[in-house]
Amino acid sequence: MRRSISSSRAEGFSRCQKLSHRISRLPYLHRMLKLSPAFSWRHDAPRYKPKQGCVLAALASLWFLACWDTESFVRYIIPHRRDAVRLAATDDTRWWCERGGVNRKLRDCFEEQMQTDAVALLKDYETYMASLPMRERSMRKPLKLYELPFYVKESALNSFAMGMKVYEQRPTVAYIAAPSHSGKSASVLVGFLRSREQGTMDGQGLEFTHYLYMPFANNGGNFHSGVDEEELMNANCKSTKLRVALGASYMRDCFRAQAFEKEYVDDWIFPNRIQSFKKTARNLQQDVCEFMRRSLNGRLLVHVDEHRSMCTNPAFRRGALRALAELPFVQVLATYTDIPPLPAQKSSETSRRPIPCLLPDVETIMDQRLQMECADLENEAVLLRVATLRVTLGLALQKLLLAGLHFRFSEIDKLCDELNGQLLHANVNVKRRLENCIELCNRKWTDDRAGKIEGLIDLLCGIREDSMEVQE
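What counts and what doesn't
Residues numbered from 1 in each chain as written. Predicted model: local features only at pLDDT ≥ 70, side-chain atom pairs only at ≥ 80, totals over all residues. Heavy atoms only, no water. Helix = DSSP H or I, 4+ residues; strand = E, 2+ residues; numbered from the N terminus. Buried < 20%, exposed > 50% of the residue type's maximum accessible area, 1.4 Å probe, protein only. Axes fitted to C-alpha atoms, helices over the stretch in contact; angles between N-to-C directions. Parallel < 35°, antiparallel > 145°, perpendicular 65-115°, else oblique. Left-handed = near helix turned anticlockwise from the far one by under 90°. Contact = heavy atoms within 4.5 Å. Nonpolar A, V, L, I, M, F, W, Y, C, P; charged D, E, K, R; others polar. Expected span 1.5 Å × (residues − 1). Arc of directions from axis to C-beta.

S.K.: Any chance you could explain unusual backbone geometry here in plain terms?
M.R.: Negative phi characterises most residues that are not glycine, and trans characterises most peptide bonds. A positive phi angle, near 60°, is found at Asn218, a position not held by glycine. Turning to its location among the elements, Asn218 is positioned in the loop between strand E8 (210–215) and helix H9 (229–234). Here the phi dihedral of Lys262 falls at roughly 55°; this positive angle occurs in a residue that is not glycine. Relative to the helices and strands, Lys262 is located in the loop between helix H10 (240–261) and helix H11 (277–291). With relative accessibility at 48%, the residue Lys262 sits in the partly exposed group.

In structure tokens, the structure reads:
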């Protein structure tokens, strides 16, 4: 089971010990990790062994490797006939890994729980689809994320979905903070659908019936425009209390425009008289009840994307998020490259709660994108190289950004073509082909463009809450 970067050091150290044992079984992973100054190798026939303590030292500096769901790459090494090893059986492919699988599930959910003629956005599925997240592609047509496969392990998705619907005693905004093109937006929709399959957790978890995506930037031009700090000053909103109240009013107007008019706020008009936060929240609650009239006892998941683009003022954004989060039947989940402007958990106010970003299932990606038929998994030497390739390919995918999996002629697409060229090279033995693939992946995540190790940690595990780069 995967843990976030904030897991206890004792638990992480234990995982490092386990992982170091697995790494010691992979000679070609040793060669890859020579790039880290924390590693030092000597040759002890018949195989390489790390000097005592070197593995743990390197894993402490490469903390992300311990946080990665190692089962996705190395699998469990199991004794098998004359000390050979084999990979443990993999999970079956699920609907989220299939092209069109997410769309099919979402349509069923929409027709069962959401569709109603009384709400413009929910009148039919085609109208609702137009409000869902998209991925922009410069001059090309945006990609509709709900039509794409989502490569993730079932166990990881289950944990993610459970984390989304945790019941909190006080109002809380859950959030995923990770770099662009790392799968944040797509993961929320898939997690929503998976949480519905799981049901409630002993009757105490949230059971979602509605999903609403509210973007404030990008998304193929379908987003609510933000408010300038200068406009706040011109409106004589200098106090924090007034800015919080204005943020709530802004959020209500955005919700009403999207839900009941199928539109996005393009140029927000300041109210002539600023209502109190509590009064705006009561009015918004009535709007949400009207939106959920098909399932009045249900729960609404509001996915707020690019929350910083609402306004540069944190008090304004805080009011906007609180207006929805404090409603009794609404869960807000924010995605952006930094954390929401709310206090940490255990605060008496509306607080924030981190959810770790999902990691890709590299084995499924390899099965679908690479020509692995040449690999004889009964051969231990071949098997070890395949396991090492999983690790290096996973790092390369994160370095090149996961969205490239769905872009033709992207860096990831080019890498897959290069890897397949090596794998299909009939004049070279299989072990050498796999070694060449490993070297290709190594170069993708270790060259100068890869930047600092902290950047790789960000990509693998999401941005840590104590990072100076994400503080307000």
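Next, the rest of the story.
S.K.: Would you mind showing me how to read the packing of H11 against helix H12 (residues 314–325) here?
M.R.: Angle between the axes and distance between the axes: these two values describe a pair of packed helices. Where H11 meets H12, the closest approach of the two axes is 9 Å, and the angle between their N-to-C directions is 50°. With respect to H12, the axis of H11 lies oblique. In the crossing of H11 with H12, the sense of the turn from one axis to the other is right-handed. Every residue of H12 that contacts H11 at Phe277, Leu284 and Val288 is listed here: Gly319, Arg322, Ala323 and Leu324. Here the contact of H11 with H12 is composed, by residue class, of 5 nonpolar, 1 polar and 1 charged.

S.K.: Honestly, H11 in this entry has me stumped. Any pointers?
M.R.: Since the α-helix advances by 3.6 residues per turn, residues separated by three or four positions end up pointing in the same direction. Here H11 spans 21 Å end to end across 15 residues, near enough to the 21 Å set by a 1.5 Å rise per residue. Regarding H11, the residues found buried are Phe277, Thr280, Ala281, Asn283, Leu284, Asp287, Val288 and Phe291. Buried residues along H11 cover an arc of 165° about the axis, so they all sit on one side. Away from the buried face of H11 by more than 90 degrees, exposed residues Lys278, Arg282 and Gln286 are located. As for H11, its buried residues are in contact with E8, H10, strand E9 (300–305), H12 and strand E10 (330–336).

S.K.: I tried to follow helix H13 (residues 362–369) on my own but got confused; where do I start?
M.R.: Here H13 lies mainly inside the structure; 6 of its 8 residues are buried. Turning to H13, its buried residues number three or more, namely Val362, Glu363, Thr364, Ile365, Met366 and Arg369. Tucked inside the fold, the buried residues of H13 contact helix H14 (380–400) and helix H15 (411–423).

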